[in-house]
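Fold and geometry: a report
The lines below spell out each chain.
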Amino acid sequence: MNIFQIYQKKIKDLILNINKNGKIEIPENLDSIGVDIPPNQFKSHISTNVAMILSKINKTNPMDLAKKIKTELGKVDQSIEKIDIVKPGFINITFKNIFWNQFIQGVINEKYEYGSSSSNNKKSYFLEFVSANPTGPLHVGHCRGAVSGDVLANILKFNKHKVHKEYYVNDYGNQIINFTKSVYLRIKEQIENKPYPKDQEDLYPGEYIIQIAKNIINDNKDLNFDSFDKISDKLTILSVNESIKIIKSNLENIGIVHDKFQSEREIVNNNEVQKTIDKLIKNKFVYNGKIKAPEGEDKNKWVEREQLLFRSTDFGDDKDRALQKSDNSWTYFAGDVAYHENKLNRNYDTYINILGADHAGYIKRITASVEALSGEKNKLICKVSQLVKLIKDGKPFKMSKRKGDYITVEDLISEVGKDATRFIMLNRSSDAEIDFDFDKVKEKSKDNPLYYVQYCYARICSVFRHINKDINEEIKIEKYNFNFSSEDIDVYKKISEWPKCIEISSKKLEPHRVPTYLYELSSLFHSYWNMGKEDKTKRFISEDKKISDEKLVLLKSVSNVIKTGMNLVGVSTPDKM
RNA sequence: GCGCCCUUAGCUCAGUUGGAUAGAGCAACGGUUUUCUAAACCGUGGGUCGGAGGUUCGAAUCCUUCAGGGCGCGCCA
């Protein structure tokens, strides 16, 4: 039940028909014909730009064309009350009550499925997100991509697509060696009272490593910690496992569960990197060459070196990218290319990576590699979540891993809660930076848009309590034959946009549109509610403690959409607040 | 130097594959509670959509260019 799609099709059919009779010319591509809700100052219900689209090819002015279309449309569509033609050439349609009755009956019948796309174009998506280094707990910076990835997955699933959620564990390379060393020294600190070196650059300073060390000691009583070299492989695995335990519990606390954690180490050990590189060599995407120093780099420090390079410039990157380090071990990129080959072999239609802003420079080379491996453009889509700018005590707060000085997801959840965290992180376009004022969110959590939407739902629940009905039960309506007020229709117009919101969020991979929509719908409902203070006939419950079917339908449709939307966002809808 | 992202009201931001008089919240000011939840509502003020060109019937949206801010730029992941 997407009235915009329905009317877009109707109008296309109509002009195709008029075209058949030779009365108008039409362009080949009719996609730019839009159906929308007109701005507030027009009282009409929907509007279309079709006349303006057709005016050029017909060499007539849009107003005349609009008149022609108006007459034809009026003939074939019985649910239209009135058609206005406005200034440049908009055709504004006002529906009869029967239209809104049928519409809202459809909405009620679809229940929590309303908004889900009805198209048959079901795809499978492979969604990689979070993928933070397994060297400690998640911090606030990871949170945004985590939430938007999770909600994106929910939206795609809601549209009946298949979605696989994966976390890539970077458990190979120098960072992990340093991390393992840190754990080792914390173990030494525990069992031999050796003080932990505080100022050593490559060691992790975080206190959480003490707990990791304790856990490892406890669970591995027979392990001998005398020599780092002897146990480093074993210790790496143990340390990473401890980290992942922490990360999984962090994620769980914000309501995120991945389908799989894929280890980088496993991919390297399976020789998948070599195999993938061989494949690329065979297809001439890899060669031995040198990389020039970037402008602005100190030319004296730069050592040119012959190395294995991937031809990402063939795909629009600014330079070719190194696959091997000077010690012949693989670069991070090489491993990641192999990982993407591994993903491709799992046969999904589309791959999505949610990345942090600091990895934006990485997008070209990785999409290039996927294009080289799969031979398809746009097989991999990377979405970047811009930075979360933290503000503490009114000042920008720089998190530093080195100092162990950062706000973790745990801190955030315990201060503001899971629901508020998810809603705030999602409430803005991921293209824009967020100012996250930690103190403000703590103090003034009531100003949070989350509560505004939840309050809307709670108010509806309160009405249901008063009339002794269960909000989750289906309502029984004899006949949809209501005479809706203009305020009712304002709410229904918004409800009619819900499938559109989902469609765009899904298509553009922009989950932030959902909380924005829910806020707007709630706002209309709160206005509606407050009308009851002045005018008793606008209240939901009448003086004899009854509720009309008409009002029941409004409450039910709004609450269903809010519930559906909040489920997608992954936050609760309390019955009482 | 190069690449990507951003610039919309005093502040934080929405803005539908280009549509009509650009919208919210916060902050300011004024009002609304014997009433289904005031965590709400109503009203007032507040804008060269960073600047300049261009494409178009029509631009905050697309293109070019300039300015400002952020992120990144071979063996970190």
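Residues numbered from 1 in each chain as written. Chains lettered and ligands numbered in written order. Predicted model: local features only at pLDDT ≥ 70, side-chain atom pairs only at ≥ 80, totals over all residues. Heavy atoms only, no water.

1. Considerations on the pairing of strand 13 (residues 388-392)
On a regular strand, one side chain projects to one face of the sheet and the next to the other, so that they alternate. Stated formally: Strand pairing requires that DSSP identify at least two bridges connecting the strands. Numbering of helices and strands runs from the N terminus, with a helix taken as a DSSP run of H or I at least four residues long and a strand as a DSSP run of E at least two residues long.
As paired strands, strand 13 and strand 15 (residues 434-437) are joined by 4 bridges and run parallel to one another. Paired with V388 across the strands is I434, a residue of strand 15. Taken together, the 2 bridges between strand 13 and strand 14 (residues 395-396) define a ladder with antiparallel strand orientation. Note that in strand 14 the partner of I391 across the bridge is P396. In this antiparallel pair of consecutive strands, strand 13 and strand 14, the connection spans 2 residues, and D393 shows a positive phi of 50°.

2. What about the pairing of strand 4 (residues 90-95)?
Stated formally: Buried, partly exposed and exposed residues are distinguished by accessible area as a fraction of the type maximum, computed with a 1.4 Å probe on protein chains only: under 20%, between the cut-offs, and over 50%, respectively.
A large share of strand 4 lies buried, amounting to 5 of its 6 residues. Pairing between strand 2 (residues 46-48) and strand 4: 3 bridges, direction antiparallel. The residue of strand 4 that forms the bridge with T48 is I91. Examined bridge by bridge, strand 3 (residues 80-86) and strand 4 share 6 bridges and lie antiparallel to one another. For V86, the partnering residue across the bridge sits in strand 4 and is F90. Linking two consecutive strands that pair antiparallel, namely strand 3 and strand 4, is a turn of 3 residues; a positive phi of about 145° is found at G89 within it.

3. Focus: the protein's contact with RNA strand B
What counts here: It suffices for a single heavy atom of a residue to lie within 4 Å of a molecule or strand for the residue to be listed as near it. We call two N or O atoms a polar contact when they sit within 3.5 Å, provided that within protein one can donate a hydrogen and the other can accept it, with sequence-adjacent residues counted only if both atoms are side-chain atoms. As a working rule, the residues Ala, Val, Leu, Ile, Met, Phe, Trp, Tyr, Cys and Pro are called nonpolar, Asp, Glu, Lys and Arg charged, and the rest polar, with Gly in that last group.
Not every one of the 77 residues close to RNA strand B is listed here, only the nearest: N133, S326, Y452, Y455 and S462. Each atom of RNA strand B within 4 Å of the protein was assigned to sugar, phosphate or base; sugar and phosphate come to 57%. The side chain of S47 places a nitrogen or oxygen atom 2.6 Å from a base nitrogen of RNA strand B. For RNA strand B, a base nitrogen lies 3.4 Å from a polar atom in the side chain of R305. Mapped by element, the contributors of at least two residues to the surface near RNA strand B are helix 2 (50-58), strand 4, helix 6 (174-192), strand 15, helix 16 (449-466), helix 18 (498-508) and helix 19 (513-534). Each residue belonging to the surface near RNA strand B can be placed in one class, and the counts come to 28 nonpolar, 21 polar and 28 charged.

4. A few points about the pattern of salt bridges
Applied cut-off: Each salt bridge in this description consists of a side-chain nitrogen of Lys or Arg and a carboxyl oxygen of Asp or Glu lying within 4 Å of one another.
Counted by the stated rule, this structure contains 25 salt bridges. In this structure, K9 and D13 form a salt bridge, with 3.1 Å as the shortest nitrogen-oxygen distance. Taken together, the residues K9 and D13, both in helix 1 (residues 3-20) and 4 residues apart, mark about one turn of the helix. Residue classification places K9 among the exposed positions, given a relative accessible area of 51%. D13 sits in the partly exposed class, given a relative accessible area of 39%. In this structure, the salt-bridge partner of D31 is K12, at a minimum N-O distance of 3.9 Å. Here K12 lies in helix 1 and D31 lies in the loop between helix 1 and strand 1 (35-36), a separation of 19 residues in the sequence. D31 gets classed as exposed once you look at its relative accessible area, which sits at 57%. On the accessibility criterion, K12 (22% relative accessible area) is partly exposed. One network of salt bridges, in which partners are shared, links D150, K165 and R422.

5. Describing the packing of helix 1 against helix 3 (residues 62-76)
To characterise two packed helices, one gives the angle between the axes of the helices and the distance between these axes. To keep things clear, this is the line we draw: Axis angles are defined between N-to-C directions and span 0 to 180 degrees, where every axis is a line fitted to C-alpha atoms and, for a helix, only to the segment in contact. Roughly parallel covers angles under 35 degrees, roughly antiparallel covers those over 145, roughly perpendicular covers 65 to 115, and oblique covers all other angles. Helix crossings fall into two classes, left-handed where the near helix is turned counterclockwise from the far one by less than a right angle and right-handed where it is turned clockwise. Residue contacts are counted whenever heavy atoms from the two residues lie within 4.5 Å of one another.
For the pair helix 1 and helix 3, interaxial distance at closest approach is 11 Å and the crossing angle is 115°. As the angle between them shows, helix 1 and helix 3 are arranged roughly perpendicular. Handedness of the crossing formed by helix 1 with helix 3: right-handed. Contacts between helix 1 and helix 3 involve L14, I15 and I18 from the first element and I69, E72, L73 and V76 from the second. Considering only residue class, the contact of helix 1 with helix 3 consists of 6 nonpolar, no polar and 1 charged.

6. Structural notes on the nonpolar core
Definition in use: Note on terminology: a nonpolar core comprises buried Ala, Val, Leu, Ile, Met, Phe, Trp, Tyr and Cys residues joined through side-chain atoms within 4.5 Å.
Counting 118 residues, the largest nonpolar core has F436 and I495 as the members making the most contacts within it. Once you skip the residues sitting within four places of it in the chain, F436 turns out to touch V388, K389, L390, I391, L412, I424, M425 and V441. I267, A338, I366 and V384 belong to the second-largest nonpolar core, a separate cluster that totals 33 residues.

7. Here we look at the domain arrangement of chain A
Basically, it comes down to this: Segment limits for the domains were obtained from an automatic or database-derived domain assignment. Put simply, buried area is how much 1.4 Å-probe accessible surface two parts lose in total, over both of them, once they are put together.
According to the domain assignment, chain A consists of domain 1 (3-95), domain 2 (129-269 + 386-444) and domain 3 (448-569). Measuring from the centre of the C-alpha atoms in domain 1 to the corresponding centre in domain 3 gives 30 Å. Across the contact, 9 residues belong to domain 1 and 6 residues belong to domain 3. Considering only the side of domain 1, the residues that lose the most area to domain 3 are F4, I37 and H45, jointly responsible for 64% of the buried surface there. The tally of links between domain 1 and domain 3 comes to 3 residue pairs in polar contact (both at pLDDT 80 or more).

8. Comments concerning the sheet that holds strand 15
Read across the sheet, 3 strands follow the order 14-13-15 without closing on themselves; strand pairing throughout is mixed. With partners counted over all chains shown, the strands left at the sheet margins are strand 14 and strand 15, one partner each.

9. A few points about unusual backbone geometry
Residues apart from glycine generally show negative phi values, whereas peptide bonds are mostly found in trans. Not every positive phi belongs to a glycine, and K160 is a case in point at roughly 70°. Here K160 lies in the loop between helix 5 (140-158) and strand 6 (162-169). Even without being glycine, N378 reaches a positive phi, approximately 60°. Relative to the elements of secondary structure, N378 occurs in the loop between helix 12 (363-374) and strand 12 (380-385). Residue classification places N378 among the exposed residues on the basis of a relative accessible area of 64%.

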